[in-house]
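Close look at the chain arrangement
The lines below spell out each chain.
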Amino acid sequence: MDRRKFVAAAGTLSLASMVYGTESLALSISKKRIGIVGLDSSHAIAFTKELNANVANDSYKGYQVVAAYPMGSPSIPLNAQRIPKFTEDIKKLGVEIVSSLEKLLKNVDFVLLETNDGNKHLEQAEIILKARKPLFIDKPIANSYQDALKIFELAEKYKTPMFSTSSLRYISGMEEIDKKNVLGADVYSPAYTEPSHKDLYWYGIHGVEMLFTLLGTDCINVQTQHTADGDIYIGEWKDGRIGTLRGIRKGVDGFGGSVFMQDKIVQLGTFKGYNPLLKQIISFFETGLVPVKKEETLAICKFIDAAHQSRINGGDKVLLNN
């Protein structure tokens, strides 16, 4: 939703207050109930703990998780263990468990789509967007560029704002970097894989988000060097800049990287939790203004699809526009 549409919506609320009184307006703007879809991601518990323990925090403006629909993808072995455990964990945080997505949507104003299976997101997002509930989709937005594009098209069709990102976009040190002066970057991230997903969508998308936050959307090709223990992804941007991602699957892992600038080399900091991302999500719920544009999210999906194809091709360079 752009600013013009948001202002128009605000005008509608003002009219409502004139017709129905200020009490009606207060009720309409005080709805800050969040619903979670999918209890197969640890983020569902982490987000709920942070939000519900800090309702009075200025950053979170009274928003809290009130309901959850647990079903994600129990066919993924890890999730078969997680869903029942996380269901019990979230109950202890005062969250109501509902039996269907439709029931959830009747009881909440905003949605966090936390199902970690990107293959299910298009189907789930369509129901949520059709109900006109502003939506945050946790990583990965989907398991292909085509599905991600369809999700954005549905958001436009139903005039419902949504965005998707990884929390690593907000790794410490990132905000202080002047992105216009970045000449290149080498970042690293865990890159565990899952057979149901193209390689980077499952976990390595965190590292891809870091690269695109630093270098922008104009990546033109990518090349994947693959081994069982890890991968190196080499991306070339339109202006000749190079960005690399080391995907780690053996030994000590973590998040970080080096950013090359005209006058210095900057080391990214460490991941310090979900507060920076949650602040962005709550601001989005408040305003309808997305912090990450769809063009960037779609460019990330193109990169991941091309990187996957490069691995299949034995490390050939693959163009992102193919």
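Notes on the structure follow. Computed from a predicted model, the values in this text were never measured in an experiment.

**Re the side chain of Gln124**
Structurally, the position occupied by Gln124 is in helix H6 (residues 121–130). Here the side chain of Gln124 touches Thr115 through a polar contact of 3.3 Å, side chain to side chain. Sequence-distant contacts of Gln124, that is, excluding residues within four places in its chain, are made with Val37, Met71, Leu101, Leu113 and Thr115.

**Digging into the pairing of strand S5 (residues 135–138)**
Burial of the side chains of S5 extends over both faces: Leu135 and Ile137 are buried on one face and Phe136 and Asp138 on the other. Of the strand pairs in this sheet, strand S4 (residues 110–113) and S5 are connected by 3 bridges, and their pairing is parallel. Opposite Leu113, over in S5, you have Ile137 as the bridge partner. What joins S4 to S5 is H6, and the crossover it makes is right-handed. In this region the chain leaves S5, passes through helix H7 (residues 145–157) and returns to the parallel neighbour strand S6 (residues 162–165); the handedness of that crossover is right-handed.

**Regarding the packing of aromatic side chains**
Scanning the model with the defined rule gives 12 aromatic pairs in all. Among the aromatic side chains, those forming a connected cluster through ring pairs are Tyr63, Phe110, Phe136, Phe163, Phe284 and Phe285. Cation over ring: Lys302 sits above Tyr145, and NZ or CZ is 5.3 Å from the ring centre.

**A short note on the sheet that holds S6**
One open sheet holds the 6 strands; their spatial order is S3-S2-S1-S4-S5-S6, and the pairing between them is parallel. The open sheet is flanked by strand S3 (96–97) and S6, the only strands paired with a single partner. Sheet topology places strand S2 (residues 64–69) next to S3; 2 bridges connect them, and they run parallel. Note that in S3 the partner of Ala67 across the bridge is Glu96. H6 contacts strand S1 (33–37), S4, S5 and S6 of the sheet and is inclined by roughly 170° relative to S5.

**Looking at the pattern of salt bridges**
A complete count under the given rule lists 13 salt bridges for this structure. Between Glu286 and Lys32 there is a salt bridge, with its nearest N and O atoms 3.7 Å apart. Of this pair, Glu286 sits in helix H10 (residues 275–287) while Lys32 sits in the loop between helix H2 (22–29) and S1, placing them 254 residues apart in sequence. Note on Glu286: relative accessible area 32%, which makes it partly exposed. Between Arg311 and Asp199 there is a salt bridge; the shortest N-O distance is 2.4 Å. Here Arg311 is found in helix H11 (residues 294–312), whereas its partner Asp199 is found in helix H8 (residues 199–202), with 112 residues between them in sequence. You can call Arg311 partly exposed: its relative accessible area is 28%.

About the cut-offs
- Residues numbered from 1 in each chain as written.
- Predicted model: local features only at pLDDT ≥ 70, side-chain atom pairs only at ≥ 80, totals over all residues.
- Heavy atoms only, no water.
- Helix = DSSP H or I, 4+ residues; strand = E, 2+ residues; numbered from the N terminus.
- Polar contact = N/O pair within 3.5 Å; in protein donor to acceptor, adjacent residues only side chain to side chain.
- Contact = heavy atoms within 4.5 Å.
- Buried < 20%, exposed > 50% of the residue type's maximum accessible area, 1.4 Å probe, protein only.
- Pairing = 2+ DSSP bridges.
- Right-handed = clockwise from strand over helix to strand, strands pointing away.
- Phe/Tyr/Trp six-rings, centres within 6.5 Å; stacked < 30°, edge-to-face > 60°.
- Lys NZ or Arg CZ within 6 Å of the ring centre and 35° of its normal.
- Axes fitted to C-alpha atoms, helices over the stretch in contact; angles between N-to-C directions.
- Salt bridge = Lys/Arg side-chain N within 4 Å of Asp/Glu carboxyl O.

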